[in-house]
Amino acid sequence: IGSREILGRFLFPSNSKEEVIISDIDFSNSIFHFANISKITFNKCNFNNTEFKAKRLSIKQKIVRSDIISINFVNCNLSKANFSNADINYCLFNECNLDEIFLRDTRLYNSTINQSSFRLTNPEKTSIKNCIIKNSDLRESNFSDTKLMNIHSTVKMPIRIHLH
């Protein structure tokens with residue numbers, strides 16, 4: 001998949017009772033505008049220069065109740081994506097736009113956020129554990145309702161944090 005292939009409006013079977021697992025796929029240079037990629041396990045996939053941002057402001061990209069394992073996100077636009085109730089494990093977010101992503105009841109573990117914009121994000125009832133956040137912009141983010149454990153960070157701006 002690639003060369004700016006548009007995966008928009010493609011609906012993965014989120015209402016299916018069968019488990020959907022997508023492994024070892026290179027989604028580089030793809031566009032996921034309006035795609036519903038909820039309730040899917042992504043394992044060892046690459047997303048390089050991939051857009052997830054919905055074009056209309058009223059629509060949020062849905063990546064709800066998904067398992068995201070060992071994924072490389074490089075130069076991706078995930079702005080305003082909805083990762084509620086997702087398990088994100090062993091992932092790399094490098095040079096990504098993560099502004100205003102929606103994290104509610106999300107588990108972000110053993111991952112790295114590097115040289116990314118993570119602004120205006122207010123995780124709710126979310127757990128972030130064993131993560132590295134370096135050279136990233138966290139301005140205007142609020143982690144007061146977030147359980148943070150074993151975080152290694154070199155942030156550009158102070159953020160409001162309440163450690164549990």
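*Asks:* Tell me about the overall build of the protein chain, and name the residues and values.
*Replies:* Helix and strand counts for the protein chain stand at zero helices and 13 strands. Scored against the burial criterion, the 164 residues of the protein chain give a buried share of 45%. Sequence-distant contacts in the protein chain: of pairs separated by 6 or more residues, those separated by 24 or more amount to 24%. As displayed, the protein chain has an accessible area near 8600 Å², and 48% of this comes from carbon and sulfur atoms.

*Asks:* Mind laying out the nonpolar core, listing which residues take part and the relevant values?
*Replies:* In this structure, Phe42, Phe47, Phe73, Leu78, Phe83 and Phe93 are the most contacted members of the largest nonpolar core, which totals 35 residues. Looking at this core, the elements with two or more residues in it are β1 (20-23), β2 (40-43) and β10 (126-136). Tallying contributions element by element places β10 first for this core, with three residues.

*Asks:* Break down the environment of phenylalanine 143 for me, citing the residues and quoting the values.
*Replies:* The topology assignment puts phenylalanine 143 in strand β11 (residues 142-143). For phenylalanine 143, a relative accessible area of 3% gives the class buried. Sequence separation of phenylalanine 143 and serine 127 is 16 residues, and the distance between their C-alpha atoms is 10.0 Å.

*Asks:* Lay out the pattern of salt bridges in plain terms, naming residues and giving numbers.
*Replies:* Overall, the coordinates contain five salt bridges when judged by the stated rule. In this structure, arginine 104 engages glutamate 124 in a salt bridge whose closest nitrogen and oxygen atoms are separated by 2.2 Å. Of this pair, arginine 104 sits in the loop between β7 (92-94) and β8 (107-109) while glutamate 124 is found in the loop between β9 (112-114) and β10, placing the two residues 20 residues apart along the sequence. Since its relative accessible area comes to 28%, arginine 104 is described here as partly exposed.

*Asks:* Please give an account of the packing of aromatic side chains that cites residues and values.
*Replies:* Aromatic ring pairs are defined here through the distance separating the ring centres and the angle between the ring planes. Summed over the entire model, instances satisfying the criterion amount to six aromatic pairs. For the ring pair phenylalanine 27 and phenylalanine 47, a centre distance of 4.9 Å and an interplane angle of 10° mean the geometry is stacked. Taken as a pair, phenylalanine 27 in the loop between β1 and β2 and phenylalanine 47 in strand β3 (residues 46-48) lie far apart in primary sequence, 20 residues in all. An identical accessibility class is assigned to phenylalanine 27 and phenylalanine 47; each is buried. Taking relative accessible area as the criterion, phenylalanine 47 reaches 3% and is therefore assigned buried. Following the ring pairs from residue to residue traces out a cluster consisting of Phe27, Phe42, Phe47, Phe73 and Phe93. Over the face of the ring belonging to tyrosine 109 we find lysine 129, whose NZ or CZ atom lies 5.9 Å from the ring centre.

*Asks:* Go over the pairing of β1, please, and point to the residues and values.
*Replies:* Judged by which residues are buried, β1 turns out to be one-sided: Val20 and Ile22 face inward and are buried, whereas Ile21 and Ser23, on the alternate face, are not. Taken together, the four bridges between β1 and β2 define a ladder with parallel strand orientation. Bridging from a neighbouring strand, isoleucine 21 pairs with threonine 41 of β2.

*Asks:* Please give an account of unusual backbone geometry that cites residues and values.
*Replies:* With a phi close to 55°, glutamate 95 is a non-glycine residue in the positive phi region. Mapped onto the secondary structure, glutamate 95 falls in the loop between β7 and β8. If you check the backbone angles, leucine 120 has positive phi at about 55° while not being a glycine. Residue placement: leucine 120 occurs in the loop between β9 and β10. On the accessibility criterion, leucine 120 (36% relative accessible area) is partly exposed.

Rules behind the numbers
- Throughout this description, residue numbers start from 1 for each chain and increase along the sequence as written.
- Confidence filtering applies because this is a predicted model: local features only for residues at pLDDT of at least 70, side-chain atom pairs given and counted only at 80 or more, and all residues used for totals across whole chains, interfaces and linings.
- Heavy atoms throughout the structure, all of them, feed into the side-chain values; hydrogens and water do not.
- Strands here are runs of E lasting at least two residues and helices are runs of H or I lasting at least four, both read from the DSSP assignment and numbered beginning at the N terminus.
- Each residue's exposure class comes from its accessible area (1.4 Å probe, protein chains only) as a fraction of the maximum for that residue type: buried when under 20%, exposed when over 50%, partly exposed otherwise.
- Residues count as neighbours in contact if any of their non-hydrogen atoms are within 4.5 Å of one another.
- The Shrake-Rupley method, run with a 1.4 Å probe, gives the accessible areas here. Residue values count only the displayed protein chains as cover.
- By convention a nonpolar core is built from buried Ala, Val, Leu, Ile, Met, Phe, Trp, Tyr and Cys residues, the set being connected through side-chain atoms within 4.5 Å.
- Any carboxyl oxygen of Asp or Glu that lies within 4 Å of a side-chain nitrogen of Lys or Arg is treated as forming a salt bridge with it.
- The rule is short: rings of Phe, Tyr and Trp, with Trp giving its six-membered ring, pair when the centres are within 6.5 Å, and they are stacked under 30 degrees, edge-to-face over 60, tilted in between.
- Cation placement over rings: the criterion is NZ of Lys or CZ of Arg within 6 Å of the ring centroid and within 35° of the ring normal.
- DSSP calls a pair of strands paired once it identifies at least 2 bridges connecting them.

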